[in-house]
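For reference, the chains in residue letters:
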Amino acid sequence: MRIIFHIDVNSAYLSWTAVEQLKNGAGVDIRTIPAIIGGDQKSRHGIVLAKSISAKKYGIRTGEPVANAFRKCPNLKTYPPDHQMYHEYSRKLMEFLRTYTTHIEQVSVDECYMDFTEIADRFTSPVEGADEIKDEVYKRFGFTVNVGISSRKVLAKMASDFEKPNKVHTLFPEEVPVKMWPLPIGELFMAGRSSVETMKKLEIYTIGDLANTDPAILELHLKSHGRKLWEFANGLDDSEVESVRAEAKGVGNSTTLPKDLTTEEEVLPVLKDLAASVGRRLRKAGQKAGMVSVEIKYHTFNQVSHQMQMERQTNQDNDIYQTAIDLFRELWSGEPIRLLGIRTSKLSEESEPEQLSLFDMKFESEETRKKKKNLRAALKKLEGKYGDGIVKKGW
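Calculation notes
Residues numbered from 1 in each chain as written. Predicted model: local features only at pLDDT ≥ 70, side-chain atom pairs only at ≥ 80, totals over all residues. Heavy atoms only, no water. Helix = DSSP H or I, 4+ residues; strand = E, 2+ residues; numbered from the N terminus. Buried < 20%, exposed > 50% of the residue type's maximum accessible area, 1.4 Å probe, protein only. Contact = heavy atoms within 4.5 Å. Areas by Shrake-Rupley, 256 points an atom, 1.4 Å probe, with all protein chains shown as cover. pLDDT = per-residue confidence, 0-100. Axes fitted to C-alpha atoms, helices over the stretch in contact; angles between N-to-C directions. Left-handed = near helix turned anticlockwise from the far one by under 90°. Nonpolar A, V, L, I, M, F, W, Y, C, P; charged D, E, K, R; others polar. Pairing = 2+ DSSP bridges. Core = buried A, V, L, I, M, F, W, Y, C linked by side-chain atoms within 4.5 Å.

Counting secondary structure elements, the chain contains 13 helices and 12 strands. Looking at the chain as a whole, 47% of its 395 residues are labelled buried. Partitioning the contacts of the chain with sequence separation of at least 6, the portion at a separation of at least 24 is 62%. Summing over all exposed atoms, the chain offers an accessible surface of approximately 20800 Å²; the carbon and sulfur share of this is 51%.

What follows concerns the confidence of the model for the chain. Across the chain, the average pLDDT comes to 87, with 86% of residues at or above 70. A low-confidence stretch, residues 355-365 (pLDDT under 50), is modelled with 4 contacts involving residues beyond four sequence positions or located in other chains.

Contact geometry of helix α4 (residues 83-97) with helix α11 (residues 264-285) gives a least axis separation of 11 Å together with a crossing angle of 35 degrees. Here α4 runs over α11; the crossing is right-handed. Within the contact between the two elements, α4 uses His83, His87 and Ser90 and α11 uses Pro269, Asp273, Ala276 and Arg280. For the contact of α4 with α11, a count of residues per class yields 2 nonpolar, 3 polar and 2 charged.

Taken in spatial order, the 3 strands line up as β3-β2-β4 in an open sheet, and their pairing is mixed. The two strands at the open ends of the sheet, each matched to only one other strand, are β3 (50-51) and β4 (77-79). In this sheet, β4 lies alongside strand β2 (residues 35-37) in parallel orientation, the contact comprising 3 bridges. Residue pairing across strands places Ile36 opposite Thr78, the latter belonging to β4.

So, on to the nonpolar core. Membership of the largest hydrophobic core comes to 39 residues, with the highest contact counts inside it found for Phe5, Trp16, Leu97, Ile133 and Phe143. Those elements giving two or more residues to this core turn out to be β1 (4-9), α1 (12-23), β2, α4, β6 (111-115), α5 (126-141) and β7 (145-150). By residue number, the principal contributor to this core is α4, which donates 7 residues. Every residue in contact with Trp16, bar those within four places of it in the chain, is listed here: Val9, Met85, Tyr86, Tyr89, Ser90, Val109, Asp110 and Phe143. Core analysis: the second largest hydrophobic core is formed by 27 residues, Leu271, Ile320, Ile325 and Leu331 among them.

Next up, the structure:
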């Protein structure tokens, strides 16, 4: 049986900010007070990207406007995001996790899947292994993670969302009816607001209701996404943990957003995070990409994508990010966005000689011809002065 972990940093942006502040001598751990990451303390613009447990008690939700959060809790403390710092903590976490196994699929800056199967025999149980990882993360870095354990990725993901923080939960297929089916339908992975509203009209209120609904009815109302939700509700998922080295055809990342995005201002930081993740994975794999594509899934679950050939192969974050911005602007219809993704393809080894573009080849050819012409003229002068035999022929 496969053993898959889903490892998720608890309130990552807020936790990493708190750890960094404490390192720099802060007297208060912002994880213990009503605090959020997002926007600016004075302007109160932007959305809530992460919240403390204390903030959650005031009804503050990830994805809501910062202004709303302040109405709920006037004494709320807010801090702007620091994506460079977050990526550094993410990098350190992934480096540590790879000391256990390289079979890791990072799906966002703060979460990954780990195929634990090959190293499971080192521990008395998967739970013992997950507990060790969880405790060691806190000991080394000062922040906490949840670990979900299953034989299927979707169930490991669901398990990691159970009680938080700093917990290990199992959700094997035989546990689904007891642990997952009683949950509200909105807690199912990939069940967005629009889908939940449609299902409630069909009198589907829990994951168990969905699991026991005729999938044909779901397909009638939600098309192929209805079938996928039905599969997830029944714990059906045969997808593999895709480590970087297995991605011979391409490297990509996508994220389902906590709130539908409606402005380019909200989208750009997400694209920047995704580009950094993809660039990091390419470099880790020793690869460069010649093609970049952007994927958008709208709130209606309609999905579109667009791709662009790079002028030169790259694995640099900013190159990928700038191309992704161009693609996004060409592609976006203006509708609310539920998911964003960046994928690279046409990969080659980083050590391979760079293939020049047609422009580069033309430029080099003209330059070479000019040099050769000048050299011939110089040689001709030498031959005229010292005789034909002074220089070997062949030019």
